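Here's the letter readout for the chains.
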Amino acid sequence: MSNLPVQYVKGVGPKLARIFARVGVNTVLDLLYFIPRGYDDRRAIKPISQLHPADNEVIRGELLKIDSQVTRNRFTIIKGLIGDETGRVQAVWFNQPFLLRSLRLGMKLVISGKLEYSDYDGRLQILPRDFEIDDGGEGGKIVPVYSLTEGLYPKKIRAVIKTVLEKYLPLIEDEKERRSLLVIHAPEELMEVEKARNYLAYKELFNFQLGLLLNRKRYKEELDGTILSVDDRLKDDFLGALPFTLTDAQTAAMADIFQDFQTGRPMNRLLQGDVGSGKTIIAAFAAYAAIKNGYQAAILAPTEILAKQHFTKLKQLFEPFKISLDLVTGGTAGRRKKEAKLTADLLIGTHALLEGKVTFKKLGLAVIDEQHRFGVHQRANLINKGTAPHVLVMTATPIPRSLALTLYGDLDRTIIDSLPPGRVPIKTFFITEARRKDCYGFIRSKILDGRQIFFVCPLVEESEALDLKAATLEAEYLQKEVFPELRIGLLHGKMKSAEKDRIMESFKNKELDILVSTTVIEVGIDIPNATVMVIEHAQRFGLSQLHQLRGRIGRGSDQSFCFLVGDPKTPEAKARIKAMVETSDGFKIAEADLRLRGPGDFFGVRQSGLPTFRVADIIRDEKIIQQARASAQALIEKDIESARNRWAGQGASAENPQGIEHSAFN
Ligand code: ADP
Ligand code: MG
């Protein structure tokens, strides 16, 4: 039943089903797990005179007056004056002209929403999120409040959920889960909600951890791994070809990896190191060792540009060693499908490397760079390509421990905690839109010194948001109005990859002074001569993303500068900018990011590539994560069969041996 599409629920047709899909609700189970984002307590509504500003408040009164106006850009504003014996509040509805048809003077209404002082006249006003005619119906209850989207109205959602609770809830096997879901959607007391939520979060995290731990067990105890031997001569040969010596942290990381090569089990390790900490060379060293043992190695990057960069760099590095390299990206993969077998020693590519018919001659090691775009599922895919290769996952997101357990709980972990010597911390400044020109003189002087500059803009096209300066316009503006004498290039995600390569190439070769770009330069680009970055509309970026972007500079031994240009309005946006100005420590940034994002930033989390759970919150539920992990571990030790069955029952299947896609990565 749980996979029954919502469309077949009584009262939901194809149209409503499409609307539900927009908020990620596709099945009956999704509906049951459509957790309210809050509750209106309509049991004891305060008299108007006792109300104070609040994010969520309920008022009750009579509609005394209605006014509507249409602004110049055809935006409708409806104002309704609501009064009871003690006072009056203005209700303000934005852009819902259709309400005029249902609002009548003299109606008794219950309205819930944000209560605030009006900017306009300083009086208390409510911005309704929901309202209904006060017929004594839901008036005396606790009413769940769900996330809304256009076309999805509170009353309708509640009616649908009610149907689903009656008809489908009894089909849920776990009694405690059943009870918890009931409490979540129809609490009698608000105090019950937290406990019910925690149980559901626990259950979800338990299943997730069970999957990770079973996978871990598989790596540690079941899969056969190739033993790769690494002697001093091999090490010396490689190290002798490097233009620098490895840092202690890099040497320690290599020791972990070489240790894993000896166990007879496949390595399954996460290498975590801040941007610029020098992970590429680790990948190269590990690959070198695998290749010298007669195996192939693959390095996977999240974008073509990065794959290309790795390819160019490593080709040069491996020149003296007679190692053959091959680049496999989206473009070339299509052509290769027929001759699908890859034979070069070192294969560098995007996820195209994992696709369909591509096979390897003898894959011994797979390195997945900038992991967070690859899911556990894709990692599993690698194993299915013949015998289990050693897997090294590299990430620049300095994930705090609790989060690492959630995300990579199946992997061993190595942390590179220091940067190569001689790095000068980047100086970061915030400037407002109005003062943006202040940095232009500075930029010109840096360019005269022979330096190069990144300008990063959030979006490609104006149409997406009117107030955003798109990269295209920005490039034109800079060229025409600001730096007519300089060479300015443009890079964005909608360009063909050959075009992108050409631009990157000319920036690298110093044929361009300024590169204006969207976030396609986000990860891994390594151009030490670029020492200044200007990030436009900085308030639009998440903190981790800002940090990653900034990591494109400060890669050489010269002082680098980052200018964050923007007009942050919300407290969170201001705090993000402040954190960037104050620190360049990746761990501190990551923690601040998680804290600021907080629970409920569903889309933020989703975009970051973190798994999204239905109930659990990877930040807030740290304790529950640890409990869930401990219980999952205990179950595996006590009764592996039932652990496996339980996991299989969660949707693991032949195509999806980890079952993880189902529970968390959907
Ligand atoms: P990331 O960890 O972000 O992938 P990279 O591997 O791109 O970082 O390394 C950043 C820069 O530091 C590169 O130019 C690389 O050649 C250089 N580098 C790496 N290790 C060392 C080292 N031990 N000493 C000096 N420079 C190094
Ligand atoms: Mg990198």
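Rules and cut-offs
- Residues numbered from 1 in each chain as written.
- Chains lettered and ligands numbered in written order.
- Predicted model: local features only at pLDDT ≥ 70, side-chain atom pairs only at ≥ 80, totals over all residues.
- Heavy atoms only, no water.
- 1 Å grid on protein atoms, 1.4 Å probe; cavity = no way out; pocket = protein on both sides within 12 Å on 5 of 7 lines; lining within 4 Å.
- Points joined across faces, edges and corners; volume = space filled by probe spheres on them.
- Helix = DSSP H or I, 4+ residues; strand = E, 2+ residues; numbered from the N terminus.
- Nonpolar A, V, L, I, M, F, W, Y, C, P; charged D, E, K, R; others polar.
- Core = buried A, V, L, I, M, F, W, Y, C linked by side-chain atoms within 4.5 Å.
- Buried < 20%, exposed > 50% of the residue type's maximum accessible area, 1.4 Å probe, protein only.
- Near = heavy atom within 4 Å.
- Polar contact = N/O pair within 3.5 Å; in protein donor to acceptor, adjacent residues only side chain to side chain.
- Areas by Shrake-Rupley, 256 points an atom, 1.4 Å probe, with all protein chains shown as cover.
- Pairing = 2+ DSSP bridges.
- Axes fitted to C-alpha atoms, helices over the stretch in contact; angles between N-to-C directions.
- Contact = heavy atoms within 4.5 Å.

Engineer: What is the right way to look at empty space enclosed by the protein in this model?
Structural biologist: The method is simple in principle: a probe with the dimensions of a water molecule rolls over the atoms, and the space it marks as empty is what remains. According to the stated counting rule, one finds three cavities of 30 Å³ or more in the structure shown. Listing elements by their share of the lining of the largest cavity, those giving two or more residues are helix H9 (304–318) and helix H15 (497–508). Residues that form the lining of the largest cavity fall into these classes: three nonpolar, two polar and four charged. Size it by volume and the second largest cavity reaches roughly 50 Å³. For the second largest cavity, the full set of lining residues is Arg 129, Asp 130, Pro 144, Val 145, Tyr 146, Leu 148, Pro 154 and Arg 158. Sorting the residues of the lining of the second largest cavity by element identifies strand E6 (124–133), strand E7 (142–145) and helix H3 (154–167) as the ones contributing at least two each. Residues of the lining of the second largest cavity, tallied by class, amount to five nonpolar, no polar and three charged.

Engineer: I tried to follow the nonpolar core on my own but got confused; where do I start?
Structural biologist: Generally speaking, a soluble globular protein has its nonpolar side chains buried in company with each other. Within the largest apolar cluster, 67 residues are counted, with the highest numbers of intra-cluster contacts made by Val 9, Phe 20, Leu 31, Leu 32, Val 160, Val 164 and Leu 210. Looking at this core element by element, the count peaks at 13 residues for helix H5 (residues 191–222).

Engineer: Quick question: what am I supposed to make of the site of ligand 1 here?
Structural biologist: Close to ligand 1 lie 17 residues, the nearest being Gly 276, Lys 279, Thr 280, Arg 423 and Asp 526. Measuring from an oxygen atom of ligand 1, one finds a backbone N or O atom of Ser 277 at 3.4 Å. Bound to the protein, ligand 1 loses 87% of the 570 Å² it would expose on its own. For the shell around ligand 1, the residue count by class is four nonpolar, seven polar and six charged.

Engineer: How do you make sense of the sheet that holds strand E3 (residues 76–83) when you look at a structure like this?
Structural biologist: Strand order in this closed barrel of five strands is E2-E3-E4-E6-E5, and the pairing throughout is mixed. Strand-to-strand twist of the sheet, defined as the mean angle between neighbouring strand axes without regard to direction, takes the value 55 degrees. As defined by bridge partners, E3 adjoins strand E4 (residues 88–94) across seven bridges and the pair is classed as antiparallel. Note on E4: the bridge partner recorded for Leu 81 is Gln 90.

Engineer: Is there a simple way to explain the sheet that holds strand E10 (residues 325–328) in this structure?
Structural biologist: Paired through their backbone hydrogen bonds, the strands of a sheet run either parallel or antiparallel. Spatially, the seven strands line up as an open sheet ordered E10-E12-E9-E14-E15-E8-E16, and their pairing is parallel. Either end of the sheet is taken by a strand with one partner, and the two such strands are E10 and strand E16 (412–416). Strand after strand, the sheet turns through a mean of 20 degrees between neighbouring axes, direction not considered. Relative to strand E15 (residues 390–395), strand E14 (residues 363–368) is paired through four bridges, and the arrangement is parallel. In the strand pairing of E15, Ile 368 is matched with Val 393. Strand contacts of helix H7 (residues 248–261): strand E8 (268–273), E14, E15 and E16, with the helix running at about 175 degrees to E8, the strand carrying the most contacts.

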